[in-house]
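Residues per chain, in single letters:
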Protein chains: 2
Amino acid sequence: MTTSDTARTGEPGRSVSVKDVASTAGVSVGTVSNVLNRPEKVSPATLEHVQRTIEQMGFIRNDAARQLRAGTNRAVGMVVLDVRNPFFTDVARGVELRLGTRGRPLILGSSGQDAERESTYLDLFEEQRVSGLLITPVGKVLPRLRRLRERGTAVVVVDRRTGSREFSSVAVDDVRGGRLGAAHLVESGRQRIAFIGGPRGLTQIRHRLRGIEEVIEAHPGHSVQLVETATMDASAGRLAAEELLALPRKARPDAIFAANDLVALGVLQALTFAGVRVPDDVAILGYDDIDFAASAAIPLSSIRQPREEMGEVATDLLLAAIEDPTAGVRDIVLEPELVVRRSTGG
Amino acid sequence: MTTSDTARTGEPGRSVSVKDVASTAGVSVGTVSNVLNRPEKVSPATLEHVQRTIEQMGFIRNDAARQLRAGTNRAVGMVVLDVRNPFFTDVARGVELRLGTRGRPLILGSSGQDAERESTYLDLFEEQRVSGLLITPVGKVLPRLRRLRERGTAVVVVDRRTGSREFSSVAVDDVRGGRLGAAHLVESGRQRIAFIGGPRGLTQIRHRLRGIEEVIEAHPGHSVQLVETATMDASAGRLAAEELLALPRKARPDAIFAANDLVALGVLQALTFAGVRVPDDVAILGYDDIDFAASAAIPLSSIRQPREEMGEVATDLLLAAIEDPTAGVRDIVLEPELVVRRSTGG
DNA sequence: TTCGCCGATTGAAACCTTTCAATCGGCGAT
DNA sequence: ATCGCCGATTGAAAGGTTTCAATCGGCGAA
């Protein structure tokens, strides 16, 4: 590590307030505030004059004071499970897109699946009095979410359903996703499917598996087995694939359905290393359809989740709840979509 | 899209202030504030009593008021080039880790390489009076950064150098990275290197190329060519690789050095599709060493940039500048590291 | 010329926390 | 019994914006 230094001094320099602008422009603070917030209430001449003064003095509104007065922060908070999973950054992008046009900043936090970090973010958002919260919950946060709502913060649950009908939510139909994938594999002539993902307790895993089973049961001679993993990243996929490779050749699956694309990429790596041909010997199907799926050495077929759309819809729900706190709870379920690429013989 | 509705009403419910706590607990607001901020100044009995009252009443500090009084927001703002590139989320993680332990929230924005979005975030951070700003600049923002600093916001440039010696910065030695990579390729017996990346104007591209050229010049019989791309994502890599595949066989490079891992993944995909064997026919070397590099079908060798460390170091610099605004400007240069995997014959 | 009206402008109050000079109360020393 | 001291507590002021009732000024109508 190399370092180089240079001397330098920085003077804070008191910042310009509406009061300063008002006195310089020769108007009252009320008028300056009107120029800022209701320009149509101000005569054209004054408007022009004050705006020029603001410009010249380099006045920048102090958001803390604004918030204090308003009682609520225009910002929206979001807690995702893991920013390192492109799935969530894409959802967040959808949110940001929608909020940006409404002049509402997004404060994004990643819980990293850790209930404690999640809780820290909730503390922060509570102190900040954010007007809305988007969350994919990890820990037992229902009581806190209730409290937030009592205090006037709108809450929408993303990529989960609360079941309790207390909070609006946006999720994707996982049973359908499982069905779509299984149907595709069966139609491509695969008979023994291994579904890799976990932990088993996750609703999403259970639903997807159920969708797969429905299809399998309708097709005699086909089978599915769950290979459970503790996490859902590439190394989990690698390990699970190695487990399958250890099986006697005839007991091996001819199709692997991964619970997300990261796992699928790990599987692809392990199979490639072992010299197994994809898709000839084994087909691989991912889930989510993150950008990396299309960029894999052998482009991955995947069940596409409408990620940005999920963010957008969640934001719409949230904005509606912010603007009208009496709005009803809504659970929106989006549809997944099959994307066929080379890894399943596309 | 399926929807289901349920009626529900939410009452805002005025929030509890220090004044409320004070009157309920039978003490003054000053004491409540001391309990919150300087508990050692309060007698044990009072402390205990007030804390219990706070708990019971569900008091949550209003951060806007606190900020207003303090004159500055404890939060730190960060503008990265692209949250969808894991490189930046990793840097951000480093930042968050360091800040989290200091009780400072991070407000993260992604400019998406768009000067206008960058500017919108700077507006936001200015209004918020954030105490510090970490930025990988896109547009011409020097005047704004100067203004921010005049107003008392500490500024550190990340993954770039300003050259002007006005702002502290943290970057990685790109010439060195180019040298490391080229040396490795030459040592593995490769002779004709194609360096894929761009646009050519980027300092980082120029520096890395210079490092490569230094090595090539020291090894007669070896050559390097730049294949310029407009962006640095997987599709750019795919296109560039196809361009190379169109060359007569003997003119083709036997090693491809990609300017980042996304490009390298695109290259790997195109070569795999064309039946070119990696690393036997062509070696591929990436840059950054994002997690996906290790998870590729053929694990990618890469020049590892210390991403989290970069975030941590930048944060340390920033915190130092926040705590002591007279601190000098420092340009810190971190060292990259070669990580050998299968794509170059590891 | 005076009155009434209306749009434009004003200025004080409110939002909530933190800070700090001033005050209080208790105790040991004289 | 009184004084002085010290730790604990108090209460008012400050910070910048927004809101809104009150006021101002100008103009048309009577």
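Residues numbered from 1 in each chain as written. Chains lettered and ligands numbered in written order. Predicted model: local features only at pLDDT ≥ 70, side-chain atom pairs only at ≥ 80, totals over all residues. Heavy atoms only, no water.

Focus: the packing of helix α1 (residues 18-25) of chain B against helix α2 (residues 29-37) of chain B
Residues and elements named next belong to chain B.
And step 1. Put simply, α1 and α2 touch, their axes get as near as 8 Å, and they point 105° apart. Accordingly, the angle class assigned to the pair α1 and α2 is roughly perpendicular. Of the residues in α2, those touching α1 at Val-18, Lys-19, Val-21 and Ala-22 are Val-29, Val-32 and Leu-36. (Axes fitted to C-alpha atoms, helices over the stretch in contact; angles between N-to-C directions. Helix = DSSP H or I, 4+ residues; strand = E, 2+ residues; numbered from the N terminus. Parallel < 35°, antiparallel > 145°, perpendicular 65-115°, else oblique. Contact = heavy atoms within 4.5 Å.)

Concerning the interface of chain B and chain A
The figure often quoted for interface size is the accessible area lost as the parts come together.
And step 1. Counting from both sides, the interface comprises 79 residues of chain B and, opposite them, 79 residues of chain A.
And step 2. Across the chain B/chain A interface, buried area totals approximately 6700 Å², and carbon plus sulfur atoms make up 49% of it.
And step 3. In this structure, the connection of chain B to chain A is made through eight salt bridges.
And step 4. For the pair chain B and chain A, the number of links is 22 residue pairs in polar contact (both at pLDDT 80 or more). (Buried area = accessible area lost by both parts, 1.4 Å probe. Salt bridge = Lys/Arg side-chain N within 4 Å of Asp/Glu carboxyl O. Polar contact = N/O pair within 3.5 Å; in protein donor to acceptor, adjacent residues only side chain to side chain.)

Focus: the protein's contact with DNA strand C
And step 1. Near DNA strand C, the surroundings consist of 23 residues, among which Ser28(A), Thr31(A), Thr46(A), Val18(B) and Arg69(B) are the closest.
And step 2. The contact in question runs from a phosphate oxygen of DNA strand C to an N or O atom on the side chain of Thr46(A), over 2.5 Å.
And step 3. Note that a phosphate oxygen of DNA strand C is positioned 3.2 Å from one of the side-chain N or O atoms of Arg38(B).
And step 4. Among the elements of the structure, α2 (29-37) and α4 (63-70) of chain A together with α2 and α4 (63-70) of chain B are those that each provide at least two residues to the surface near DNA strand C.
And step 5. A class-by-class count of the residues in the surface near DNA strand C yields seven nonpolar, ten polar and six charged. (Near = heavy atom within 4 Å. Nonpolar A, V, L, I, M, F, W, Y, C, P; charged D, E, K, R; others polar.)

Looking at the nonpolar core
And step 1. In this structure, Met78(A), Leu134(A), Leu271(A), Met78(B), Leu134(B) and Leu271(B) are the most contacted members of the largest nonpolar core, which totals 112 residues.
And step 2. Setting aside residues up to four positions removed in sequence, Leu134(B) forms contacts with Val76(B), Gly77(B), Met78(B), Val79(B), Val95(B), Val156(B), Val158(B), Ala314(B), Thr315(B) and Leu318(B). (Core = buried A, V, L, I, M, F, W, Y, C linked by side-chain atoms within 4.5 Å. Buried < 20%, exposed > 50% of the residue type's maximum accessible area, 1.4 Å probe, protein only.)

Quick look at the relation of the copies chain B and chain A
And step 1. Mapping chain B onto chain A leaves a residual RMSD of 0.1 Å; the transformation is a rotation of 180° accompanied by 0.0 Å of translation along its axis. Taken together, the rotation and translation describe the operation of a two-fold axis. Closest approach to the rotation axis within chain B is made by the C-alpha atom of Ala64(B), at a distance of 2.3 Å.
And step 2. Looking at chain B, 100% of its interface residues are interface residues in chain A too, so the copies touch through the same face. (Least-squares fit on C-alpha atoms with pLDDT ≥ 70 in both.)

Quick notes on helix α5 (residues 86-100) of chain B
Residues and elements named next belong to chain B.
And step 1. With 15 residues, α5 extends 20 Å from end C-alpha to end C-alpha; this agrees with the ideal 21 Å at 1.5 Å per step.
And step 2. The buried fraction of α5 is high, at eleven of 15 residues.
And step 3. Among all positions in α5, only Pro-86, Phe-87, Phe-88, Thr-89, Asp-90, Val-91, Ala-92, Gly-94, Val-95, Glu-96 and Leu-99 are buried. (Expected span 1.5 Å × (residues − 1).)

Brief notes about the protein's contact with DNA strand D
And step 1. DNA strand D sits among 24 residues. The nearest are Val18(A), Arg69(A), Ser28(B), Thr31(B) and Thr46(B).
And step 2. A share of 66% is what sugar and phosphate atoms reach among the atoms of DNA strand D within 4 Å of the protein.
And step 3. Backbone polar atom of Val18(A) to a phosphate oxygen of DNA strand D: 2.4 Å apart, as the coordinates give it.
And step 4. The contact in question runs from a base oxygen of DNA strand D to an N or O atom on the side chain of Arg69(A), over 2.4 Å.
And step 5. Those elements that provide at least two residues to the surface near DNA strand D are α2 and α4 of chain A together with α2 and α4 of chain B.
And step 6. Class assignment for the residues of the surface near DNA strand D results in eight nonpolar, ten polar and six charged.

Structural notes on the domain arrangement of chain A
Residues and elements named next belong to chain A.
And step 1. Assigned domains of chain A: these are domain 1 (6-63), domain 2 (69-172 + 309-335) and domain 3 (174-306 + 338-344).
And step 2. For domain 2 versus domain 3, the distance between C-alpha centres works out to 31 Å.
And step 3. At the junction of the two partners, domain 2 supplies ten residues and domain 3 supplies ten residues.
And step 4. Summing the contributions of domain 2 and of domain 3, the shared interface buries around 1000 Å²; its carbon and sulfur component is 50%.
And step 5. On the domain 2 side of the contact with domain 3, Phe-87, Val-172 and Glu-335 bury the most area, a combined 47% of that side's loss.
And step 6. Where domain 2 meets domain 3, there are one salt bridge.
And step 7. Our enumeration of links across domain 2 and domain 3 arrives at six residue pairs in polar contact (both at pLDDT 80 or more).
And step 8. Contributions of two or more residues to the side of domain 2 that touches domain 3 are made by α5 (86-100) and α13 (307-323). (Domains from an automatic or database assignment.)

Describing the sheet that holds strand β9 (residues 255-258) of chain B
Two modes of strand pairing occur in sheets, parallel and antiparallel, and in both the strands are linked by backbone hydrogen bonds.
Residues and elements named next belong to chain B.
And step 1. Ordered in space as β8-β7-β9-β10-β11-β13, the six strands form an open sheet in which the pairing is mixed. The open sheet is flanked by β8 (223-228) and β13 (337-339), the only strands paired with a single partner. Ignoring strand direction, the axes of neighbouring strands in this sheet form an average angle of 20°.
And step 2. Direction of pairing for β9 relative to strand β10 (residues 283-288): parallel, over a ladder of three bridges. The residue bridging Phe-257 from the neighbouring strand is Leu-285, located in β10. (Pairing = 2+ DSSP bridges.)

Observations concerning unusual backbone geometry
In terms of backbone geometry, most residues other than glycine have negative phi values and most peptide bonds are trans.
Residue and element names in this part refer to chain A.
And step 1. Each neighbour pair has its own omega, and for Gly-198 with Pro-199 the value is -5°, a cis peptide bond.
And step 2. Within the secondary structure, Pro-199 is located in the loop between β7 (192-197) and α9 (203-217).
And step 3. Unusually for a residue other than glycine, Asp-159 sits at a positive phi of about 65°.
And step 4. With respect to the secondary-structure elements, Asp-159 resides in the loop between β5 (154-158) and β6 (168-172).

Looking at the packing of helix α8 (residues 174-187) of chain B against helix α9 (residues 203-217) of chain B
All names here are of chain B.
And step 1. Orientation of α8 relative to α9, taken along the N-to-C sense of each, is 40°, at an axis distance of 7 Å. Viewed along their axes, α8 and α9 adopt a mutual orientation that is oblique. Seen along the crossing, α8 lies across α9 with a hand that is right-handed. Within the contact between the two elements, α8 uses Asp-174, Val-175, Gly-178, Arg-179, Ala-182, Ala-183 and Val-186 and α9 uses Gln-204, His-207, Arg-208, Arg-210, Gly-211, Ile-212, Glu-214, Val-215 and Ile-216.
And step 2. Per-class residue counts for the contact of α8 with α9 are seven nonpolar, four polar and five charged. (Left-handed = near helix turned anticlockwise from the far one by under 90°.)

What to know about the pattern of salt bridges
Should the charged atoms of two oppositely charged side chains come close, the side chains can pair.
And step 1. Under the defined criterion, the tally for this structure stands at 50 salt bridges over all chains.
And step 2. For Glu323(A), the salt bridge goes to Arg102(A), with nearest N and O atoms at 3.5 Å. Taken together, the residues Glu323(A) in helix α13 and Arg102(A) in the loop between α5 and β3 (106-110) connect sequence positions 221 residues apart.
And step 3. For Glu323(A), a relative accessible area of 55% puts it in the exposed group.
And step 4. Given a relative accessible area of 40%, Arg102(A) falls into the partly exposed group.
And step 5. In this structure, Glu214(B) engages Arg179(B) in a salt bridge whose closest nitrogen and oxygen atoms are separated by 2.7 Å. Placement of the pair is Glu214(B) in helix α9 and Arg179(B) in helix α8, with a sequence separation of 35 residues.
And step 6. A relative accessible area of 35% means that Glu214(B) is categorised as partly exposed.
And step 7. In the salt-bridge network here, residues are joined through shared partners; they are Asp123(A), Glu126(A), Arg144(A), Arg147(A) and Arg151(A).

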